[in-house]
Amino acid sequence: MDVIHTIEALQARLRTAGPVAFVPTMGNLHAGHLALVRSAREHGACVVVSIFVNPLQFGPTEDFQTYPRTLDADCAQLKQAGVDVVFAPSVAEMYPTPQQVEIIPPPIASELCGAFRPGHFQGVTTVVAKLFNIVQPAVAVFGKKDYQQLFVIRAMVRELNFPLRVIGAETLRAEDGLALSSRNGYLSAQDRQAAPRLYRALCNIADQLKSGGRDYVDLEGTARRELESNGWRVDYVSVRDPNTLLPPIEGLNQYVVLCAAWLSATRLIDNIEVSIDRAGSV
Ligand code: PAF
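Residues numbered from 1 in each chain as written. Predicted model: local features only at pLDDT ≥ 70, side-chain atom pairs only at ≥ 80, totals over all residues. Heavy atoms only, no water.

So, on to the overall build of the protein. Regarding its fold elements, the protein presents ten helices and nine strands. Rg of the C-alpha trace for the protein: 19 Å, near the compact-globule value of 19 Å for 282 residues, within the 12% margin. Projected onto its principal axes, the C-alpha positions of the protein cover 55 × 40 × 40 Å. The buried share of the protein, taken over its 282 residues, is 52%. (Helix = DSSP H or I, 4+ residues; strand = E, 2+ residues; numbered from the N terminus. Rg over C-alpha atoms; globule rule 2.2 N^0.38 Å. Buried < 20%, exposed > 50% of the residue type's maximum accessible area, 1.4 Å probe, protein only.)

Most of strand 2 (residues 20-25) is tucked away: six of the six residues are buried. Neither face of strand 2 is left uncovered, since the one carrying V20, F22 and P24 and the one carrying A21, V23 and T25 both have all their residues buried. Here strand 2 pairs with strand 3 (residues 46-51) via six bridges, running parallel. From the neighbouring strand, A21 faces strand 3, where its bridge partner is V47. (Pairing = 2+ DSSP bridges.)

Near the ligand, the surroundings consist of P24, T25, M26, N54, Q57, V127, F142 and Q149. Side-chain polar atom of Q57 to an oxygen atom of the ligand: 2.6 Å apart, as the coordinates give it. When the ligand sits alone it has 290 Å² of accessible area, and the protein chains cover 88% of it. Here the residues of the shell around the ligand sort into four nonpolar, four polar and no charged. (Near = heavy atom within 4 Å. Polar contact = N/O pair within 3.5 Å; in protein donor to acceptor, adjacent residues only side chain to side chain. Areas by Shrake-Rupley, 256 points an atom, 1.4 Å probe, with all protein chains shown as cover. Nonpolar A, V, L, I, M, F, W, Y, C, P; charged D, E, K, R; others polar.)

Attention shifts here to helix 9 (residues 197-210). Under the 1.5 Å per step criterion, the end-to-end length of helix 9 is 20 Å for 14 residues, consistent within 8% with the ideal 20 Å. Along helix 9, the positions that sit buried rather than exposed are L198, A201, L202, I205, A206 and L209. Summarising the axial view, the buried residues of helix 9 lie within an arc of 140°, below the 170-degree limit, and thus occupy one face. Of the residues flanking the end of helix 9, it is G212, one or two places downstream, whose phi is positive at about 100°. (Expected span 1.5 Å × (residues − 1). Arc of directions from axis to C-beta.)

What follows concerns the pattern of salt bridges. Enumeration according to the criterion identifies twelve salt bridges in this entry. Ionic pairing is found between R117 and E62, a salt bridge with its closest N-O pair at 2.6 Å. With a gap of 55 residues between them, R117 in the loop between helix 5 (113-116) and helix 6 (120-135) and E62 in the loop between strand 3 and helix 3 (71-80) connect regions that are remote in the sequence. By relative accessible area, R117 is classed as buried at 11%. (Salt bridge = Lys/Arg side-chain N within 4 Å of Asp/Glu carboxyl O.)

A word on the layout of surface pockets. Here the second largest pocket defines a volume of roughly 190 Å³. Taken together, 15 residues line the second largest pocket, and the ones lying closest to its centre are I51, F52, V53, R69 and P89. The residue inventory of the lining of the second largest pocket, partitioned by class, reads ten nonpolar, three polar and two charged. (1 Å grid on protein atoms, 1.4 Å probe; cavity = no way out; pocket = protein on both sides within 12 Å on 5 of 7 lines; lining within 4 Å. Points joined across faces, edges and corners; volume = space filled by probe spheres on them.)

Keep in mind these values describe shape, not function.
Dropping the structure here:
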């Protein structure tokens, strides 16, 4: 496995590598990332993983400075997972001059997480567009845990005609249901015990939808109150149409329920996809 830090060296390495399957990450890897790598291995001759903590997608009060940077441990895991190339550029390599050209994401990027993290998705689309142009993958794999991110990137790829296929990989969960995330490492032992409540709140809404509940505002409100009464600070709980990420219209048989909430100083996000059969049950 080659660990490469410059764009020039990466492009020289990839010139004869065949079709690339690409997994962009910010490092501090866990089993969820390794599942993305496994998916990439099924789709490309050469698997490239980028590790880059992208300053553009962090707000001024967010955790850019403290985001865990664990390159050596990450590379050990990626080597074991059979990755061909790790691209780990510096900030100066990615942004040699202040980035003045950015990709404006679709309007949905201002809702849900975007309403609480202004500019976040613009930072994501900009860095992902740059990475796509640098790596030129045939396939790129993103986790469904960042559902809105995946949605926004799919829109960018479609509308800007990036010549690649985006694959969404299922969320990996701990045994107690907590979605794997690098930010879980911020949780105290007590908060880690409390954290699966977020997924349980989503599962409760999914169960209600499957048994015919359609008062989305009530379902969202009940989940919010349940979390808040257990010490969470809720940014949003929202039932949406997975095809548009907009609030659902009548007669849908597919939903996605998304949420973001804080436990102490840690913001967790999660989501669940729900399919209803015509008879109204799963
Ligand atoms: O999901 C992430 O880790 C990041 O948002 C991404 C896609 C690597 C862009 O920095």
